[in-house]
Amino acid sequence: MENLRFKRVLLKLSGEALAGPKGFGIDPDTVIAFCKEIVEAASLGVELAMVIGGGNIFRGMSASASGMDRASADYMGMLATVMNAVAVQDALEKMGLSTRVLSAITMQEVCEPYIRRRAIRHLEKGRVVICAAGTGNPYFTTDTAAALRAMELKSQVIIKGTKVNGIYDKDPKKYDDAVMFNKLTYMEVLEKQLRVMDTTAVSLAMDNNMPIVVFNMFVPGNLKLVVTGDRARTIVE
Ligand code: UDP
């Protein structure tokens, strides 16, 4: 085990990250590319828990805006995260990692139920724990689930993989002069309304002193660099 900055991390991957160029659904090549990054980081000996989003398949808010009951739509969103989790599990296991999907909504034919102590035991045994179905409650997001699981599982940090290198003052995909922050406080993220995680997630992290690292998941080798602490990215603490 060499030069690990973090011993246990919680990686948040949005569903959209799995969609690839199509922008919708699960793109197998994209999943494989991400999983290679995860295998590389795990090979360093870091204990890795993940929370996977579902926005590539279903988003409760959008469906409720079109007239669907919000809670029902949110349950559909949570089910979408289970599909993503099983896809990532399949790819990781083909690459030789030992994994468990733990769902906040019981689905025993598909995966284990989320039980905190069990999740910690899996991590101690070197298994990658993939947390599915968000918090299990409507009106939340998988960002909030990531903050919650990070605390419960005693992770040292939430690592959020995005399409850009960190947190910027404005959308770097739209504005050439967008400036990236190296370091921010939770309050700055909230006050400046920086769109990195929703306010519930940031507040929960703030109240419990859980650092958030935002980095570019699309650059090969980046996750390993974040885990070893050696990389340009934004840290919120
Ligand atoms: N969701 C929920 N409760 C949770 C987590 C997720 O109701 O604790 C639902 C919500 O409808 C959300 C959808 O699942 O829109 C997919 O999650 P999210 O939007 O966070 O996915 P991401 O943006 O990370 O792909």
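Placed above this text is the structure.
Our subject in this report is the structure included herewith. (Residues numbered from 1 in each chain as written. Predicted model: local features only at pLDDT ≥ 70, side-chain atom pairs only at ≥ 80, totals over all residues. Heavy atoms only, no water.)

1. A few points about the packing of aromatic side chains
Note on aromatic pairs: each is described by the distance of the centres and the angle between the planes.
Step number 1: Across all of its chains, the model carries one aromatic pair by this definition.
Step number 2: Over the face of the ring belonging to Y175 we find K170, whose NZ or CZ atom lies 5.5 Å from the ring centre. (Phe/Tyr/Trp six-rings, centres within 6.5 Å; stacked < 30°, edge-to-face > 60°. Lys NZ or Arg CZ within 6 Å of the ring centre and 35° of its normal.)

2. Topic: the site of the ligand
Step number 1: Taken together, 21 residues surround the ligand, and among them G15, D74, T135, N137 and T142 come closest.
Step number 2: Between the ligand and the protein, one listed contact pairs an oxygen atom with a side-chain N or O atom of K12 at 2.8 Å.
Step number 3: When the ligand is considered free in solution it has 520 Å² of accessible area, and contact with the protein chains removes 94% of it.
Step number 4: With three residues, helix 3 (residues 70-94) is the single largest residue contributor to the shell around the ligand.
Step number 5: Among the residues making up the shell around the ligand, the classes are represented as five nonpolar, 12 polar and four charged. (Near = heavy atom within 4 Å. Polar contact = N/O pair within 3.5 Å; in protein donor to acceptor, adjacent residues only side chain to side chain. Areas by Shrake-Rupley, 256 points an atom, 1.4 Å probe, with all protein chains shown as cover. Helix = DSSP H or I, 4+ residues; strand = E, 2+ residues; numbered from the N terminus. Nonpolar A, V, L, I, M, F, W, Y, C, P; charged D, E, K, R; others polar.)

3. Let's talk about the pattern of salt bridges
Pairing is possible between side chains of opposite charge, provided their charged atoms come close.
Step number 1: Counted under the stated rule, the structure contains 13 salt bridges.
Step number 2: Residue D177 pairs with K170 through a salt bridge whose shortest N-O separation is 3.2 Å. (Salt bridge = Lys/Arg side-chain N within 4 Å of Asp/Glu carboxyl O.)

4. Some words on helix 7 (residues 199-207)
Step number 1: When helix 7 is considered as a whole, its buried residues turn out to be A201, V202 and A205. Each buried residue of helix 7 lies within a common arc of 95 degrees when the element is viewed along its axis, so the set occupies one face. Turned more than 90 degrees away from the buried face of helix 7 sit T199 and D207, all of them exposed.
Step number 2: One or two residues past the end of helix 7 sits N209, with phi positive at roughly 50 degrees. (Buried < 20%, exposed > 50% of the residue type's maximum accessible area, 1.4 Å probe, protein only. Arc of directions from axis to C-beta.)

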